[in-house]
Amino acid sequence: MNGSDYYIPAAALGIAFLSKLPGLIRQWSNPMVRAVAGLLLMASAGFAFAAPPTITVVNRSVGLPNVSAPLVYAILSVFNTCCIVLLAYWREGFGVEVQRRVRCWFAVCGVVIALIALCFVLGDAPVEKLRDLDTHYASTPWIREMIVIYLSWHIVVGTVVPVMCWRWSRVVDGWLRAGLLTLVAGFVFSTGFGLAKAAAVVARWTGGNWDFLSTDVAPPLASVGAVLTTSGFLLPQGRRLAEAWEAWQTYRWMGPLWRRLRILMGLPASASWWTSPGSRLFDRETDIYDDLLALAPYCDLEIMTAHHDKALDDGVCPHEAWAAAAAVMIAFAIEAKESAAESGEDVPEQGTAALSAVLGTGTRGIARISRQYGALGRHAAGAPLGRHSP
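Residues numbered from 1 in each chain as written. Predicted model: local features only at pLDDT ≥ 70, side-chain atom pairs only at ≥ 80, totals over all residues. Heavy atoms only, no water.

### As for the overall build of the chain
Line of reasoning, step 1. For the chain, the count of helices and strands is 16 helices and zero strands.
Line of reasoning, step 2. Rg of the C-alpha trace for the chain: 32 Å, well past the compact-globule value of 21 Å for 390 residues, more than 25% over.
Line of reasoning, step 3. Along the longest, intermediate and shortest principal axes, the C-alpha atoms of the chain span 100 × 45 × 40 Å.
Line of reasoning, step 4. Residues classed as buried in the chain amount to 44% of the 390 residues present.
Line of reasoning, step 5. Considering only intrachain contacts with a sequence separation of at least 6, the fraction spanning at least 24 residues in the chain is 77%.
Line of reasoning, step 6. Here the chain displays about 19,300 Å² of accessible surface, and carbon together with sulfur accounts for 63% of that area. (Helix = DSSP H or I, 4+ residues; strand = E, 2+ residues; numbered from the N terminus. Rg over C-alpha atoms; globule rule 2.2 N^0.38 Å. Buried < 20%, exposed > 50% of the residue type's maximum accessible area, 1.4 Å probe, protein only. Contact = heavy atoms within 4.5 Å. Areas by Shrake-Rupley, 256 points an atom, 1.4 Å probe, with all protein chains shown as cover.)

Written out as structure tokens, the structure is:
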């Protein structure tokens, strides 16, 4: 693997971390948010610092050959710990017992990192190795122990987590199940990385040479495993993305009617772009409801009923027929209100029943009506409709 094989996933994961940074700042007290951010940061850092060009730069900067090894081992150990901690939060929440186990996992991780650093300090690795440090120093005192400690922790976490994920995936469905199964696949690759490294090291102990497992087989397994693992933790958020997309789509569908009513009421037809899709949808729907109330006296139930019956006779499905009829009634009501304002006519006493039927359709109903209103073309823009029969 060359540098780009490491830097491309590092950049992608780094971008994912940056996208979570505003939420991390706002919700720093939320353990789940911290765990997700930590996972993305460690995954990105793991790829970046494991790249041979970065290893060279770090070694030269510090002035110690192979000092990158304990650094990378520490980063990957934290990544593994974040995985199991995030899984615990996912499944069991933030209760006292869960927090106690989380502290234990991080304590063990801290001990592992401290032992890795201690072994590196006590050992002697004078020859810089960018790709085959594990096998080259497999029998070197203290460096050998450093490698064993790291691989042991990696394999333990890589065995525990997929078993937990597999058991849990059997009782859930949807985005969560997809995420858990992706995690299982990710940790299979990740554990395969650890086992390939361990096999190459053991082969050196017994006089063999399986270095290709460490230099050629293990790195791609680690890359695929890290990407799948991170994706597995992010997949359950697909439900939120789907909900946000649905809110945005509904928001757009409400646009034609909302803009026309805003103009009718002499109010600005603009929205705050920085708010969430859900908030923008709520605001737009509220505006439409408020503006329609002012149209209540001009809403004619007979017009809506006539257009509804005609649409049904033309073979339009009931939902769309009703939405089209309501859109036509609202278009007539807008025209009537504007005419009354110009001529100074008295406000009629009708329309309450018709408007109640419209407002009772909820968000989806209003969105359908708005889409049909937009389809009226020049009539939706305010051209005279005339009170003709359909």
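### Brief notes about the environment of Leu133
Line of reasoning, step 1. Mapping Leu133 onto the fold places it in helix 6 (residues 133-136).
Line of reasoning, step 2. Sequence separation between Leu133 and Val112 is 21 residues, and the spatial gap between their C-alpha atoms is 19 Å.
Line of reasoning, step 3. Residue contacts for Leu133: discarding those within four places in its chain leaves Asn66, Ala69, Tyr73, Met146 and Ile147.

### A closer look at the packing of aromatic side chains
Line of reasoning, step 1. Enumeration over the complete set of coordinates arrives at five aromatic pairs.
Line of reasoning, step 2. Here Trp105 and Trp153 contribute two aromatic rings whose centre-to-centre distance is 5.9 Å and whose plane-to-plane angle is 55°, an arrangement assigned as tilted. With Trp105 in helix 5 (residues 96-122) and Trp153 in helix 7 (residues 143-169), this pair connects stretches of sequence that are 48 residues apart.
Line of reasoning, step 3. The exposure class assigned to Trp105 is partly exposed, which follows from its relative accessible area of 24%.
Line of reasoning, step 4. Overall, the relative accessible area of 8% leaves Trp153 in the buried class.
Line of reasoning, step 5. The ring of Tyr251 carries Arg284 above its face, with NZ or CZ at 3.8 Å from the centroid. (Phe/Tyr/Trp six-rings, centres within 6.5 Å; stacked < 30°, edge-to-face > 60°. Lys NZ or Arg CZ within 6 Å of the ring centre and 35° of its normal.)

### Comments concerning the environment of Ala326
Line of reasoning, step 1. Tracing the chain through its elements places Ala326 in helix 14 (residues 318-343).
Line of reasoning, step 2. Distance from Ala326 to Val224, taken between C-alpha atoms, is 54 Å for residues 102 residues apart in sequence.
Line of reasoning, step 3. Apart from the residues lying within four places of it in its own chain, the contact partners of Ala326 are Met304, Val358 and Ile369.

### A short note on the nonpolar core
Line of reasoning, step 1. Counting residues in each nonpolar core, the largest one holds 67 residues, and the members touching the most others are Tyr73, Leu87, Trp90, Met146, Ile147, Leu180 and Phe233.
Line of reasoning, step 2. For this core, the secondary-structure elements that each account for two or more residues are helix 1 (3-26), helix 2 (31-50), helix 4 (68-92), helix 5, helix 7, helix 8 (174-205) and helix 9 (211-234).
Line of reasoning, step 3. Among all residues touching Ile147, those that are not within four sequence positions of it are Tyr73, Leu133, Asp134, Tyr137 and Val201.
Line of reasoning, step 4. Of all hydrophobic cores here, the second largest spans 32 residues; its members include Leu261, Cys299, Met304 and Val358. (Core = buried A, V, L, I, M, F, W, Y, C linked by side-chain atoms within 4.5 Å.)

Keep in mind these numbers describe shape, not what the thing actually does.
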